[in-house]
Number of protein chains: 2
Amino acid sequence: MTYHDRNAAGSAEHEEKLRRLAMVAVRTGLGLKAGQELVMTAPLDAVPLARAITDEAYRAGASLVTVFYTDETAALSRFENASDGAFDTAAGWLYEGMAAAFRSGAARLAIAGDDPSLLAGQDADKVARANRARSKAYVPALEMIAGFATNWTIVSAATPAWARTVFPGESEDAAVARLWDAIFQASRVDRDDPVEAWARHNGELRRRTKELNARRYAALRFRGPGTDLTVGLADDHEWHGGATTAKNGIVCNANIPTEEVFTTPHKARVSGHVTSTKPLSYQGTLIEEIRVRFEEGRIVEAKARTGEAVLQKVLETDEGARRLGEVALVPHSSPISASGLLFYNTLYDENAACHIALGQAYSKCIRDGLSLSEAELVARGCNRSLIHIDWMIGSGEIDIDGLAADGSATPVMRAGEWAA
Amino acid sequence: MTYHDRNAAGSAEHEEKLRRLAMVAVRTGLGLKAGQELVMTAPLDAVPLARAITDEAYRAGASLVTVFYTDETAALSRFENASDGAFDTAAGWLYEGMAAAFRSGAARLAIAGDDPSLLAGQDADKVARANRARSKAYVPALEMIAGFATNWTIVSAATPAWARTVFPGESEDAAVARLWDAIFQASRVDRDDPVEAWARHNGELRRRTKELNARRYAALRFRGPGTDLTVGLADDHEWHGGATTAKNGIVCNANIPTEEVFTTPHKARVSGHVTSTKPLSYQGTLIEEIRVRFEEGRIVEAKARTGEAVLQKVLETDEGARRLGEVALVPHSSPISASGLLFYNTLYDENAACHIALGQAYSKCIRDGLSLSEAELVARGCNRSLIHIDWMIGSGEIDIDGLAADGSATPVMRAGEWAA
């Protein structure tokens, strides 16, 4: 008996699309090798997709699939019922265990679908303490993920809470159906051969990164409404996009979908001011209209129209939380941007617009970065932090120039589109 | 928002009983201390009970509750889709992580509710290999549980697959409702003050164990249809029942419900033959009418009417799998026996009848056993194995004598009831 028999919900057509999304997740996302273990995390509302991925992973030769279901109701119960002393505890033993699994060769898959405003009504200090404790405990696993020690991917499932946020005017069933449609489309599972469609798309992203790597800009300058920001790029930076070869030699697509090309800024060479162009949904709180000013790489002023208290707490996480760990370019005409939807979910919204990330930089965005020591990475300008939070600064009104070492400017994007 | 709002299913009355069962689990079962972490495992079909326990644990001062949901559909997918090489892999990193959590002070709660015949149709060799790999990987955590390094408990939830097995003639909804009634009754949550009712019951079990400890029998002899078995007791054995004080000083009830008193047989002093009186449900296979013969503590002949292949594989797990690790006495008139139901679930059926267990012995059933070395425990006759599997040998037709060191016999039970 498979999950099809046990879950009356969902038409045969929907089940087939789930199967195709699972195929994209396992083959394109993970590139799962026969004999590999798979460690999966998933919201309880994503059981049918988690089961479809489990089936597909076993068919691809997985030796064991372990799924950790996360329960937002239980997470909320802590804020509603636990005593004040509870919020500095995190399951370090679990993240150590996951890191041990990765060290022994396991692949990693996350199904995203969180309620974007789950913790919106909760005490900001408790939320920050809980997030900080978890971020700190998660370091052993995060380092292996960020360093591509193993092959990993993130895909999304249309959960009711998320769907209600994206489509507030619809009934829950209609909202979930519309969000699934958007996910299936963005994940290219509606193509005749989704895995082949991903191979072609990866080829286009590779061509774009090669071009940017050849140009070797010292910095990018973003200009638009509320924004004049110069982002110095790290020494020996490399642009990446689409598929990545992990340290274990397996080619994976860490995000499904992905439309971005991205690299590592220099942690001390960012200056100017920037305004966010889409809301940031951060662990249950919606942070809108972020406005920050950088001096010598460091945020020295930060405001937001909503969620400012949470933003301030985020910036206090550690020294690296005030500096950039990523800059990414996405044309305004990208399919996700073209959908016109605001997803309140980084995996989608970051693929609709150019963005920057506070916190931890990806070692792979430095030449030979996966083989460099921590000190060597920092010397090249790589930022280090417990956090990595993307937020959107691109739109149809943004111009971007590439600045050479001598200060001469070349158009990279005009009105949100590639200049060449 | 709590789970009440999110799950339309279940009346307010049912929710209240779940809350009371959660209270018994957290206060009587775990004796959870403020500031403790809690590690829970639960079937996906037990989400409402897991959430009620989470709420109750946070109210009792838990710092963090982590729930691992197990998915029988995913477990089955492995047998249906994985390649032959997959079945020797287990999530050792996860069990090491759980052991680390216990070492750092976490309590442990398991919600039982497995489908008794989930793997009945699967290849016995693959089932045995998967079980063996998991049992071996689980050792670090099992040793801490069996040795009561921390406070722990098991409670049950009425899952559809289990309910269908217990009440095959009923509709699924009716079967689930009847099984919940049986669970609530056996767990004493229908009493005015369930926690106080458990305190009284623990007092009665303590009186019975004190009496048996005073008598210091060298062996017990079981006689009845198909059975004439002499079970030598370990040197310095101690009888236990009801509440246990774990090594961390916390008083817990490891099984909810529990009606048994039990101790450790001597691994080399069991002889004669015995026939099971209830089916054994072992990790998805139903093993009925087990008949085995012991010589010098070791099973030298084993048959079963159904599931014999799985039984034989179990006995091949390791040397200790052929020897006894527990003997337990339960009067035939116990409330669970009086229900007249066959639960196909050890937690229930073992509390309806006298039973023995193959495999690992409980160190606490030796005087000062939790402080003794492994060698000292083995010297007293404690059995060691990767497994611990209870099966029922009691009924209304069984007589039990206590044998003193000089061979003189005293009646302990007659026709399944306490003789005095």
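Overview of the structure. Keep in mind that this is a model prediction, so the values were computed, not measured.

Thresholds applied
- Residues numbered from 1 in each chain as written.
- Chains lettered and ligands numbered in written order.
- Predicted model: local features only at pLDDT ≥ 70, side-chain atom pairs only at ≥ 80, totals over all residues.
- Heavy atoms only, no water.
- Helix = DSSP H or I, 4+ residues; strand = E, 2+ residues; numbered from the N terminus.
- Rg over C-alpha atoms; globule rule 2.2 N^0.38 Å.
- Buried < 20%, exposed > 50% of the residue type's maximum accessible area, 1.4 Å probe, protein only.
- Areas by Shrake-Rupley, 256 points an atom, 1.4 Å probe, with all protein chains shown as cover.
- Lys, Arg positive; Asp, Glu negative; His and termini not counted.
- Charge placed at Lys NZ, Arg CZ, Asp CG, Glu CD.
- Least-squares fit on C-alpha atoms with pLDDT ≥ 70 in both.
- Contact = heavy atoms within 4.5 Å.
- Salt bridge = Lys/Arg side-chain N within 4 Å of Asp/Glu carboxyl O.
- Polar contact = N/O pair within 3.5 Å; in protein donor to acceptor, adjacent residues only side chain to side chain.

## Quick notes on the overall build of chain A
Assigned secondary structure in chain A consists of 13 helices and 20 strands. Rg of the C-alpha trace for chain A: 21 Å, near the compact-globule value of 22 Å for 420 residues, within the 12% margin. Along the three orthogonal principal directions, the C-alpha set of chain A runs to about 65 × 50 × 45 Å. Across the 420 residues that make up chain A, the buried fraction comes to 59%. Here chain A displays about 15,500 Å² of accessible surface, and carbon together with sulfur accounts for 48% of that area. Taken together, the 46 basic and 56 acidic charged side chains of chain A have centroids lying 4 Å from each other.

## Notes on the relation of the copies chain B and chain A
With an RMSD of 0.0 Å, the operation that places chain B on chain A is a rotation of 180 degrees combined with a shift of 0.0 Å along the axis. Expressed as a symmetry operation, the mapping of one chain copy onto the other fits a two-fold axis. No C-alpha of chain B approaches the rotation axis more nearly than that of B:Gly97, which lies at 2.5 Å. Comparing contact sets, 100% of the residues at the interface of chain B also lie at the interface in chain A, consistent with an isologous, same-surface contact.

## With respect to the interface of chain B and chain A
Contact residues are listed per partner, giving 42 residues for chain B and 42 residues for chain A. Inspection of the chain B/chain A interface yields two salt bridges. Taking the shortest distance from any N to any O, the salt bridge between A:Arg51 and B:Asp71 comes out at 2.7 Å. Here chain B is connected to chain A by eight residue pairs in polar contact (both at pLDDT 80 or more). Among the secondary structure elements, those contributing two or more residues to the side of chain B that touches chain A are α1 (3-6), β1 (37-43), α3 (47-59), β2 (64-70), α4 (72-81) and α5 (92-103) of chain B.

## Observations regarding the environment of B:Glu376
Residues and elements named next belong to chain B. Following the sequence through the fold, Glu 376 ends up in helix α13 (residues 374-379). With relative accessibility at 35%, the residue Glu 376 sits in the partly exposed group. Each C-alpha atom of the pair Glu 376 and Arg 129 lies 31 Å from the other, and the pair is 247 residues apart in sequence.

## Brief notes about the pattern of salt bridges
According to the stated counting rule, one finds 55 salt bridges over all chains in the structure shown. The shortest N-O distance in the salt bridge between B:Arg269 and B:Asp235 comes to 3.0 Å. Taken together, the residues span a long stretch of sequence, with B:Arg269 in strand β10 (residues 265-275) and B:Asp235 in the loop between β6 (227-233) and β7 (244-245) at a distance of 34 residues. Each member of the salt-bridge network shares a partner with another, and the members are A:Arg27, A:Glu56 and A:Arg59.

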